[in-house]
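Below are the chains, spelled out letter by letter.
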Amino acid sequence: MSEIKRVAVGDTPARVAALRTRAVDAAVIDIAAALDLQERGEVKILLNFGDLIKTFQNQIIFASDQAIKDKPDAIGKFVKSWFETLAYAKSHKAETVAFAQRALSVRESVAVKVYDQLIPSDFFSSDGRIDPQTLAVMTKSFVELKLLAREQDLSQFVTDKFLPGK
């Protein structure tokens, strides 16, 4: 690892620009951009983090304490709509791919690959529950990244109050 120099470059477009100008040899970028660049023959995907890191929570819905207190109905409706959207995406591939193609500004072939990698997998939680083991891994990583001084019980920041069936 000492032979790898890590450099903060910025968001995905900045990372792609750094790759194209050969300012960097590799970059961490989102799956749609990576698949698009690979399909164009500009890069080769070396590693998908999902293959390496199994205990990880990528998709989390956040709300402020104030919003939870003042607008619980709106939050409940938002969460319900999120799960309805996921269910729709899982059962309507063609429409979801067409939407993703427009939203991600990629070719249809890339949108299909993104769909095939993310929608059938566990990338999006189907029930919204966060495993306590995942929270333990998260707090440990926050300490390693120096975002927290010490490990904390992150369950205090998680509620299932708005999840379907509650």
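An account of the accompanying structure is given in this report. Being a predicted model, the structure only gives us computed values, none of them experimental. (Residues numbered from 1 in each chain as written. Predicted model: local features only at pLDDT ≥ 70, side-chain atom pairs only at ≥ 80, totals over all residues. Heavy atoms only, no water.)

Remarks on the environment of proline 72
Relative to the helices and strands, proline 72 is located in helix 5 (residues 72-91). Beyond its immediate sequence surroundings of up to four residues, proline 72 is in contact with Ala67 and Phe162. (Helix = DSSP H or I, 4+ residues; strand = E, 2+ residues; numbered from the N terminus. Contact = heavy atoms within 4.5 Å.)

Looking at the layout of surface pockets
If you add up the space inside the second largest pocket, you get close to 760 Å³. For the second largest pocket, the lining is made up of 28 residues, of which Ile60, Ile61, Phe62, Ile130 and Phe157 are closest to its centre. Looking at the lining of the second largest pocket, the elements that each hand over two or more residues are helix 4 (65-70), helix 5 and helix 8 (132-144). Per-element accounting of the lining of the second largest pocket gives the leading share, five residues, to helix 5. For the lining of the second largest pocket, the class distribution of residues is 20 nonpolar, six polar and two charged. (1 Å grid on protein atoms, 1.4 Å probe; cavity = no way out; pocket = protein on both sides within 12 Å on 5 of 7 lines; lining within 4 Å. Points joined across faces, edges and corners; volume = space filled by probe spheres on them. Nonpolar A, V, L, I, M, F, W, Y, C, P; charged D, E, K, R; others polar.)

With respect to the nonpolar core
In this structure, Val79, Phe83, Val110, Ala111, Val114, Ile119 and Phe124 are the most contacted members of the largest nonpolar core, which totals 19 residues. Within the residue set of this core, elements represented by two or more residues are helix 2 (31-39), helix 5, helix 6 (93-104) and helix 7 (108-118). Within the second largest apolar cluster, five residues are counted, among which are Val16, Ala33, Ala34 and Leu37. (Core = buried A, V, L, I, M, F, W, Y, C linked by side-chain atoms within 4.5 Å. Buried < 20%, exposed > 50% of the residue type's maximum accessible area, 1.4 Å probe, protein only.)

Observations regarding helix 1 (residues 12-20)
All buried positions along helix 1 are accounted for by Thr12, Val16, Ala18 and Leu19. Along the long axis of helix 1, the arc covered by the buried residues comes to 160 degrees, so they all point the same way. In helix 1, the exposed positions that point more than 90 degrees away from the buried face belong to Pro13 and Arg20. Two residues or fewer after helix 1 comes arginine 22, characterised by a positive phi angle close to 65 degrees. (Arc of directions from axis to C-beta.)

Regarding the pattern of salt bridges
One pass over the structure, following the stated rule, counts seven salt bridges. As a salt-bridge pair, glutamate 84 and lysine 80 come within 2.6 Å of each other at their nearest N and O atoms. Of this pair, glutamate 84 and lysine 80 both sit in helix 5, four residues apart, roughly one helical turn. Exposure remark for glutamate 84: the relative accessible area of 42% places this residue in the partly exposed category. For lysine 93, the salt bridge is made with aspartate 116, and the minimal N-O distance between the two is 2.7 Å. Highlighted residues: lysine 93 in helix 6 and aspartate 116 in helix 7, separated in sequence by 23 residues. The partly exposed category is assigned to aspartate 116, whose relative accessible area is 40%. (Salt bridge = Lys/Arg side-chain N within 4 Å of Asp/Glu carboxyl O.)

With respect to helix 7
All of the buried residues along helix 7 are Val110, Ala111, Val114, Tyr115 and Leu118. The buried residues of helix 7 occupy an angular sector of 140 degrees when projected down its axis, which confines them to one face. The secondary structure elements touched by the buried residues of helix 7 are helix 2, helix 5 and helix 6.

A few points about unusual backbone geometry
Located in the positive-phi region is arginine 22, a residue other than glycine, with phi close to 65 degrees. The class of arginine 22 is exposed, set by a relative accessible area of 73%. One non-glycine residue with positive phi stands out, namely serine 105, at about 55 degrees. In this structure, serine 105 sits in the loop between helix 6 and helix 7.

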